[in-house]
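Architecture at a glance
Residues per chain, in single letters:
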Amino acid sequence: MRVTLLGFGVVARSFAEVVMSEGPKLAKEYGLKPKIVGIVDSHGAAFDKNGLDLAKALESKSKLGTLAGLDGSYHEGMDGVHAIRETECEVVVETTPTELKRGEPGLSHVKTAMIKGRHVVCTNKGPLAIAMPALIELAHHNEVVFKFSGTVGGGTPVLDFAKRCLEGSEIRGIRGILNGTSNYILTRMAAEGVSMKDALADAQRLGYAEADPTYDVEGLDTACKLVITSNYVLDSALSIKDVDIRGITKVTGADVADASSKGETIKLIGSVGSKAKVSPERVKLTHPLNVSGTFNAICFDTHPSGEVTLVGKGAGGPETATSVVRDLIDIRRAFAR
Ligand code: HSE
C-alpha cells in the first residue's frame, strides 16, 4: 500500500516510527505493508516511488527542521496539493495542524486526494469540523474510503466503538471529556496547584497541545470532536458553528479548590442532547468521567442499556499514530477481498 503523508509533525513522525519498528508485525498479522512514497511538510515535499528512507526523513526533520536531507527526492517549496497531484499512491494520510477558519490546508489536501481517487486517512479535525457532510459525499462520489478515527480520542477508538459496538442500542445523548490538554491542565491545577499557564506550557512541550493552543483551552478542539462524533454516530449534520462553546480560561485555582472541597472536580465537557455545547462543568469525584491527565472519557446515554463510558488516552503522537494504523488496516480489508 503506497502512502503519502501530508504534514510531518508529532503524529506523522510517530507513524513513521511505527512503520519502521512494527513493519514485519503489521505485515504478518494484518497483511498491511505501508510504503511511504511521499512526505510533505510546510517547507517542501519529498517523494520516491520506491519508498522513502524513513530513518533519514526523521533525522533530517530533527536536525534541519525540513526534509532537505532526503537529497534527490526533495522538492523545496512544493505544497501539499501539488505533491498529491504528482505522487502515485493508494492512500493520503492528512496530519497537518487543525485550522478552524477555513480548514486549510487540510481541506484542500483531502478534497484533492479524493478527486484524484486516493483513499484518505485524516487526523486533522479542521476539514471535518467545517465540511464533514460534504467530504463524506465527495468520498462516496469518488468511490474512495474516508477514515478519520484519530480525530476523536487519539488512539482510543471512540467513533467505531459507538458506531459498531453499540449497534442495536439507541444513543440518546453524548457527554464527554474530549480534549487531553485541558484535562491535563485541570488535573494538574487540582492535584498540584500548578497555574494554568505553566501546565499549558508543559502540555505543549509534551506534544499534547494543538499548534494553536487556544483551540485546546478555549474549547474549540472539544467542539470539533463533538461535531465529528455526533455526525458520525447520530447522523446529525452539525458544523462547529452550531456548538455553544466556553473553554477553561476563566477557571481559577480557587474554583478548582472549591470543587475539591465538595467532592467534585471541574472538567471541560462536550455534550450533545437537545443542543450541542462545550463548557466547564462540575463532575462528582466518583463519576466515570472523572479521568486524569490526558485521558479522554466519553459517556454514551444508550437505551435500554443506560450509560456506557469509554476511557483512553486522547492525545499524543504514538497514541494517535495507532489510529492511523487502524484506519489503514480497515482500508486494506475493504480492498483485500
Ligand atoms: N490537542 C488535542 C488534545 C490533541 O489535547 O486532545 C488530540 O486531538
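Remember, predicted model here, so these are calculated numbers, not experimental data. (Residues numbered from 1 in each chain as written. Predicted model: local features only at pLDDT ≥ 70, side-chain atom pairs only at ≥ 80, totals over all residues. Heavy atoms only, no water.)

1. A word on the domain arrangement of the chain
Our working rule: Boundaries between domains were set according to an automatic or database domain assignment. Pairs of residues are marked as contacts when any of their non-hydrogen atoms sit within 4.5 Å. Throughout, the accessible surface (probe 1.4 Å) given up by two parts as they are put together, summed over both, is called the buried area. By definition, a salt bridge exists where a carboxyl oxygen of Asp or Glu is found within 4 Å of a side-chain nitrogen of Lys or Arg. Residues adjacent in sequence count toward polar contacts only when both atoms are side-chain atoms; beyond that, a polar contact is any pair of N or O atoms within 3.5 Å, and within protein one must be able to donate a hydrogen and the other to accept it. Secondary structure elements are defined from DSSP: runs of H or I of at least 4 residues count as helices, runs of E of at least 2 residues count as strands, and each element is numbered from the N terminus. Three categories are distinguished: nonpolar for Ala, Val, Leu, Ile, Met, Phe, Trp, Tyr, Cys and Pro, charged for Asp, Glu, Lys and Arg, and polar for the others, with Gly belonging to the last.
Taken domain by domain, the chain comprises domain 1 (2-154 + 317-336) and domain 2 (158-313). Measuring from the centre of the C-alpha atoms in domain 1 to the corresponding centre in domain 2 gives 27 Å. Taken together, the contact between domain 1 and domain 2 spans 20 residues of the former and 23 residues of the latter. Approximately 1700 Å² of surface area, both sides summed, lies buried where domain 1 meets domain 2, with 65% of it carried by carbon and sulfur atoms. By the criterion of area lost to domain 2, the three top residues of domain 1 are Leu100, Lys125 and Val152, representing 33% of everything that side buries. Applying the counting criterion to the domain 1 and domain 2 interface returns four salt bridges. Of the charged contacts, one joins Lys147 and Asp160 as a salt bridge, the two residues approaching to 3.8 Å between their closest N and O atoms. The tally of links from domain 1 across to domain 2 stands at five residue pairs in polar contact (both at pLDDT 80 or more). Elements supplying a minimum of two residues to the side of domain 1 that touches domain 2: α5 (125-141) and α12 (317-336). For the side of domain 1 that touches domain 2, the element with the most residues is α5, which contributes six residues. Among the residues making up the side of domain 1 that touches domain 2, the classes are represented as 10 nonpolar, five polar and five charged.

2. Quick notes on the side chain of Asn296
Along the chain, Asn296 turns up in strand β12 (residues 295-303). Contact partners of Asn296, with chain neighbours within four places excluded, come to Gly153, Ile177, Leu178, Asn179, Gly180, Val291, Leu310, Val311, Gly312 and Gly314.

3. Structural notes on the packing of helix α4 (residues 106-115) against α5
Two quantities define a packed helix pair, namely the angle between the helix axes and the distance between the axes. Rules: Axis definition: a line fitted to C-alpha atoms, limited for helices to the stretch in contact. Angles are taken between N-to-C directions and run from 0 to 180 degrees. For this classification, under 35 degrees means roughly parallel, over 145 means roughly antiparallel, 65 to 115 means roughly perpendicular, and everything else is oblique.
Contact geometry of α4 with α5 gives a least axis separation of 11 Å together with a crossing angle of 5°. Taken as axis vectors, α4 and α5 run roughly parallel relative to one another. In this structure, α4 contributes Gly106, Leu107, Val110, Lys111, Met114 and Ile115 to the contact, and α5 contributes Pro127, Ala131, Leu135, Leu138 and Ala139.

4. Here's the deal with the sheet that holds strand β9 (residues 244-245)
Operational definition: Strand pairing follows a simple DSSP-based rule, namely that at least 2 bridges must link the two strands.
Spatially, six strands are ordered β9-β11-β10-β8-β12-β13 in an open sheet, and the strand pairing comes out mixed. Each edge of the open sheet is held by one strand with a lone partner, namely β9 and β13 (306-313). Each of β8 (170-177), β9, β10 (264-272), β11 (276-284) and β12 is contacted by helix α10 (residues 220-234), which is oriented at about 45° to β10, the strand it contacts most. Running over the sheet, helix α11 (residues 253-261) touches β10 and β11 and is turned about 100° from β10.

5. Some points on the site of the ligand
Stated formally: Here, proximity means that at least one heavy atom of the residue falls within 4 Å of the molecule or strand. Here the accessible surface of atoms and residues is derived via Shrake-Rupley with a 1.4 Å probe, and residues count as covered only by protein chains that are part of the display. A cavity here means a set of points on a 1 Å grid, drawn over the protein atoms and nothing else, where a 1.4 Å probe fits but cannot get out; a pocket is an open set with protein on both sides within 12 Å along at least five of seven lines, and a residue lines either one if it has an atom within 4 Å of a point. To decide whether a molecule occupies a pocket or cavity, check its atoms: if more than half lie within 2 Å of the grid points, it is inside.
By nearness alone, every residue bordering the ligand is listed as Lys125, Asn179, Gly180, Thr181, Tyr208, Ala209, Glu210, Asp216, Asp221, Lys225, Gly314 and Ala315. Residue Lys125 places a side-chain N or O atom 2.8 Å away from an oxygen atom belonging to the ligand. Contacts to the ligand include Glu210, whose side-chain N or O atom sits 2.7 Å from a nitrogen atom. Notes on the ligand: free accessible area 250 Å², of which the protein chains cover 92%. The pocket occupied by the ligand, as judged from atoms lying within 2 Å of grid points, is the largest pocket. Counting only elements with at least two residues in the shell around the ligand, the list comes to α7 (180-192) and α10. The class makeup of the residues in the shell around the ligand is three nonpolar, four polar and five charged.

6. Focus on the layout of surface pockets
To keep it simple, the criterion reads: Grid points are joined across faces, edges and corners, and a volume is the space filled by probe spheres set on the points.
Counted as a void, the largest pocket has a volume near 870 Å³. Element by element, the count of residues in the lining of the largest pocket is highest for helix α1 (residues 10-30), at three residues. Of the residues in the lining of the largest pocket, the class split is 12 nonpolar, 23 polar and nine charged. Its volume calculated, the second largest pocket comes out at about 240 Å³. If you go around the second largest pocket, the residues you meet are Val18, Glu22, Lys25, Leu26, Tyr30, Pro318, Thr322, Val325, Arg326, Ile329, Asp330 and Arg333. Where the lining of the second largest pocket is concerned, the elements lending two or more residues are α1 and α12. Broken down by element, the residue count for the lining of the second largest pocket peaks at seven residues, all from α12.

7. Considerations on the packing of α1 against helix α2 (residues 54-64)
To keep things clear, this is the line we draw: With the far helix as reference, a near helix turned anticlockwise by less than a right angle produces a left-handed crossing, and one turned clockwise produces a right-handed crossing.
For the pair α1 and α2, the least separation of the axes is 10 Å and the interaxial angle reads 150°. The pairing of α1 with α2 is recorded here as roughly antiparallel in orientation. In the packing of α1 onto α2, the handedness of the crossing is left-handed. Residues Arg13, Ala16, Glu17, Val19 and Met20 of α1 form the contact with α2, whose participating residues are Leu54, Ala55, Leu58 and Lys61. Along the lines of polarity and charge, the residues of the contact of α1 with α2 split into six nonpolar, no polar and three charged.

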